[in-house]
Amino acid sequence: MTENTDNKAFEPETRTLADRVCEQIVNAIVIGEIPPGQKISEPELARTYGISRGPLREAMRRLEALRLVERKPHVGARVVNLSAKELVEIYRVREALEGMACRLAAENMPQEEIDSLRELLNEHEESVAQLDGRSYFQKEGDLDFHYRIVHGSKNSKLLEFLGGDLYHLVRMYRYQFSVSSSRPKRALKEHRQIIDAIEARDPELAEMLMRRHIGSARKNIEGKLNAATETRGE
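Below is a summary of the structure that appears in this document. No experiment lies behind these values; they were computed from the predicted model shown. (Residues numbered from 1 in each chain as written. Predicted model: local features only at pLDDT ≥ 70, side-chain atom pairs only at ≥ 80, totals over all residues. Heavy atoms only, no water.)

1. Let's talk about the pairing of strand β1 (residues 69-72)
(1) Moving on: Relative to strand β2 (residues 76-79), β1 is paired through four bridges, and the arrangement is antiparallel. Its bridge partner being in β2, Arg71 is matched across the sheet by Ala77.
(2) Moving on: Counted between consecutive antiparallel strands, the loop separating β1 from β2 contains three residues, among which His74 sits at a positive phi close to 65°. (Pairing = 2+ DSSP bridges. Helix = DSSP H or I, 4+ residues; strand = E, 2+ residues; numbered from the N terminus.)

The structure is reproduced here in structure tokens:
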């Protein structure tokens, strides 16, 4: 997240508060507590999180920079709501770039990072089991399987793109469309197959499995979007 450059008078404690509140709001948006398209009321958020308007405005600027919130004239701030076309386009880009990251991870990821990633998947499996397989929610950064793969590619440009502007936006839709009767457990199985290919130092297989994994997620999303459209009679 970017540091505030507009107001040099902010004290370190205030910046820390803005960081904390921004993280809480990001999480609320990702898991759908604040759904796509919902109007953002700054006074209501200030009451909810118990903060003054100054730190909240800083948090809101950061949310806009993360592309989770958009502000329009005469409308105000809303949680971003991608069109079906935009969402599918993002997933097609992910197929290509995360496939490349997985290929590079098979070549460059140190064994200790692979071992650590297996431990992370064990934790994810316990989490999915606790939710009876209904959801597969990954926290951000080092607790996110996809982020760890990109980091393991050792390619700074891939990390900049996939771990930057679109990261939380992708997390939001990954979470919301993973909630189904079968997708969470299947996704976890696919993650294990991917790490097996990386550990086997098989770049072609690793890339193919990652592309197939994200492609399956994209098809899942397209299916749900089409079903919603038919239900509305469009």
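2. A few points about the pattern of salt bridges
(1) Moving on: Applying the stated criterion across every chain yields a total of 16 salt bridges.
(2) Moving on: In this structure, Arg218 engages Glu95 in a salt bridge whose closest nitrogen and oxygen atoms are separated by 2.5 Å. A residue pair is termed long-range when its members are at least 10 positions apart, and Arg218 in helix α10 (residues 203-232) and Glu95 in helix α4 (residues 84-108) qualify at 123 residues. Glu95 matches Arg218 in its accessibility class, with the two residues each being buried.
(3) Moving on: With its nearest N and O atoms 2.7 Å apart, the salt bridge here joins Glu113 to Lys154. Note that Glu113 is positioned in helix α5 (residues 111-130) and Lys154 in the loop between α6 (145-152) and α7 (156-162), a separation of 41 residues in sequence.
(4) Moving on: Taken together, the shared-partner salt bridges in this structure form one network comprising Asp19, Glu58, Arg61 and Arg62. (Salt bridge = Lys/Arg side-chain N within 4 Å of Asp/Glu carboxyl O. Buried < 20%, exposed > 50% of the residue type's maximum accessible area, 1.4 Å probe, protein only.)

3. Some points on the packing of helix α2 (residues 42-49) against helix α3 (residues 53-65)
(1) Moving on: Their axes nearest at 10 Å, the elements α2 and α3 cross at an angle of 110°. If you check the angle between α2 and α3, you find them roughly perpendicular. Handedness of the crossing formed by α2 with α3: right-handed. Every residue of α3 that contacts α2 at Glu42, Pro43, Leu45 and Ala46 is listed here: Arg53, Leu56, Arg57 and Met60.
(2) Moving on: Looking at the contact of α2 with α3 residue by residue, the classes come out as five nonpolar, no polar and three charged. (Axes fitted to C-alpha atoms, helices over the stretch in contact; angles between N-to-C directions. Parallel < 35°, antiparallel > 145°, perpendicular 65-115°, else oblique. Left-handed = near helix turned anticlockwise from the far one by under 90°. Contact = heavy atoms within 4.5 Å. Nonpolar A, V, L, I, M, F, W, Y, C, P; charged D, E, K, R; others polar.)

4. What to know about the side chain of Glu207
(1) Moving on: Relative to the helices and strands, Glu207 is located in helix α10.
(2) Moving on: Here the side chain of Glu207 touches Arg103 through a polar contact of 2.5 Å, side chain to side chain.
(3) Moving on: Setting aside its immediate chain neighbours within four residues, Glu207 contacts Gly99, Met100, Cys102 and Arg103. (Polar contact = N/O pair within 3.5 Å; in protein donor to acceptor, adjacent residues only side chain to side chain.)

5. Comments concerning the packing of aromatic side chains
(1) Moving on: Evaluated as defined, the whole model comprises one aromatic pair.
(2) Moving on: A cation sits over an aromatic face here: Arg94 above Tyr91, 5.0 Å from the ring centre. (Phe/Tyr/Trp six-rings, centres within 6.5 Å; stacked < 30°, edge-to-face > 60°. Lys NZ or Arg CZ within 6 Å of the ring centre and 35° of its normal.)

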